[in-house]
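One letter stands for each residue in the lines below.
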Amino acid sequence: MARRKVSVIGAGNVGATCAHWIATRELADVVLVDIVEGLPQGKALDLAQSAPVMKFDLNIIGTNSYEETAGSDVVIITAGVPRKKDPVTGKYPSRDELVKTNQKIVGEVTRQVAQHSPNAIIIIVSNPLDAMCHVALQESGFPSERVIGQAGALDTARYKAFIAMELNVSVRDVHGIVLGGHGDQMVPLPRHTSVAGIPVRELMAEDKLQAIIERTRKGGGEIVGLIGVSAWYAPAAGAVEMVEAIIRDQKRIIPSAVLLNGEYGYNDLYIGVPAVLGAKGVEKVIEMELNDEEKGMLEISAEAVRSVVGILGY
Ligand code: APR
């Protein structure tokens, strides 16, 4: 089989870590792209020099142009600007300003990606996640099964990690799922959470479980509070889990931001739902039976997504 190729746009914390894990899992050759000159080249060279020790056998290159990304099987988009103070005015941008800035960046990047890799599957990581999925869908012209957002993989990973820490059991035995948009209104589902098949509520008091749900919802903010910038290991792990499912056609069920067309009662909206990921991208959306409380929480989350998507002006 021909060698597989994954391009990662944005060679910052998340992008470089994606490249790192794609390499260590030997999933594909990697092309790292950034607008900053030297940055993707330097990080790619450093990573390539670790190969003789780590024993991965791939081509890893860094570049400022899209020529080298041509024919990518998967493209991860992490490009964007974080929410930070303007050094001149000392003010933070408003939510709307930030959305518009990242809309412009993700839009430009997506057009380049689509032109050079018309058959690629795009995984969006840039925030605000659900809205940036709409941008990539619009600007690529790709069918929606090839434009997917990474959010649920991360949120679910955080949820499972907290449960394993609380119960002092292996993360491997924790199963669970988080639905909804990638924000404080996300919907962890305790009814569908189990540890080695045992419902989590048999193992953990309700107050502890609720605390974990709250901590999961604010998981991103907790890391920003500790290090001052947003997380990268777990977001990159989530994206690479999706890449692996696609490249290896694993048909994994991974909660992902997917354009809904009637599923769960939503239309034309990117929302985190369990999706079967394989060689074609999103191969199926799994519709879970939700109770009234869960549906209510999903609606609150969907409303939060709609309000950000509304800023895009599509
Ligand atoms: N084209 C290519 N790269 C770009 C562009 C562009 N038009 N604009 C910005 N970049 C690059 C920046 O130069 C930077 O190297 O995107 C990179 C972003 O990296 P970081 O600032 O380190 O951000 P990171 O922590 O990696 O997060 C990236 O993922 O999880 C989300 O909220 C996070 O939206 C953010 C994204």
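No experiment lies behind these values; they were computed from the predicted model shown.

(A) Region of interest: unusual backbone geometry. The residue after Asn-127, namely Pro-128, is reached through a cis peptide bond having omega -5 degrees. Turning to its location among the elements, Pro-128 is positioned in the loop between β5 (121-124) and α4 (129-140). Residues other than glycine seldom take positive phi values, yet Lys-55 does so here, at roughly 65 degrees. Positive phi outside glycine occurs at Ala-196, with the angle close to 50 degrees. Of the residues examined, Ala-196 reaches a relative accessible area of 55% and is grouped as exposed.

(B) Spotlight on the site of the ligand. Neighbouring residues of the ligand: 17 residues in total, closest Asn-13, Val-14, Asp-34, Thr-78 and Asn-127. A distance of 3.0 Å separates an oxygen atom of the ligand from a polar atom in the backbone of Asn-13. Note that a nitrogen atom of the ligand is positioned 3.5 Å from one of the backbone N or O atoms of Ile-35. In the complex, 83% of the free accessible area of the ligand, which totals 720 Å², lies under the protein chains. Only α1 (13-24) and α3 (95-116) provide two or more residues apiece to the shell around the ligand.

(C) Representation of the side chain of Gln-103 in the model. Tracing the backbone through its elements, the reader meets Gln-103 in helix α3. Overall, Gln-103 belongs to the buried group, its relative accessible area being 12%. In contact with Gln-103, not counting residues within four places along its chain, are Met-132, Val-135, Leu-312 and Tyr-314.

(D) Layout of the environment of Ala-231. Along the chain, Ala-231 falls in the loop between α7 (219-227) and α8 (233-247). Discounting chain neighbours no more than four positions away, the residues touching Ala-231 are Val-14, Arg-158 and Ile-223.

(E) The arrangement of helix α5 (residues 152-167) in detail. Helix length check: α5 (16 residues) gives 22 Å between terminal C-alpha atoms against 22 Å at 1.5 Å per residue, within 8%. Buried within α5 we find Gly-152, Ala-153, Leu-154, Asp-155, Thr-156, Arg-158, Tyr-159, Phe-162, Ile-163 and Ala-164. Of the residues flanking the end of α5, it is Asn-168, one or two places downstream, whose phi is positive at about 55 degrees.

Rules used throughout
Residues numbered from 1 in each chain as written. Predicted model: local features only at pLDDT ≥ 70, side-chain atom pairs only at ≥ 80, totals over all residues. Heavy atoms only, no water. Helix = DSSP H or I, 4+ residues; strand = E, 2+ residues; numbered from the N terminus. Buried < 20%, exposed > 50% of the residue type's maximum accessible area, 1.4 Å probe, protein only. Near = heavy atom within 4 Å. Polar contact = N/O pair within 3.5 Å; in protein donor to acceptor, adjacent residues only side chain to side chain. Areas by Shrake-Rupley, 256 points an atom, 1.4 Å probe, with all protein chains shown as cover. Contact = heavy atoms within 4.5 Å. Expected span 1.5 Å × (residues − 1).

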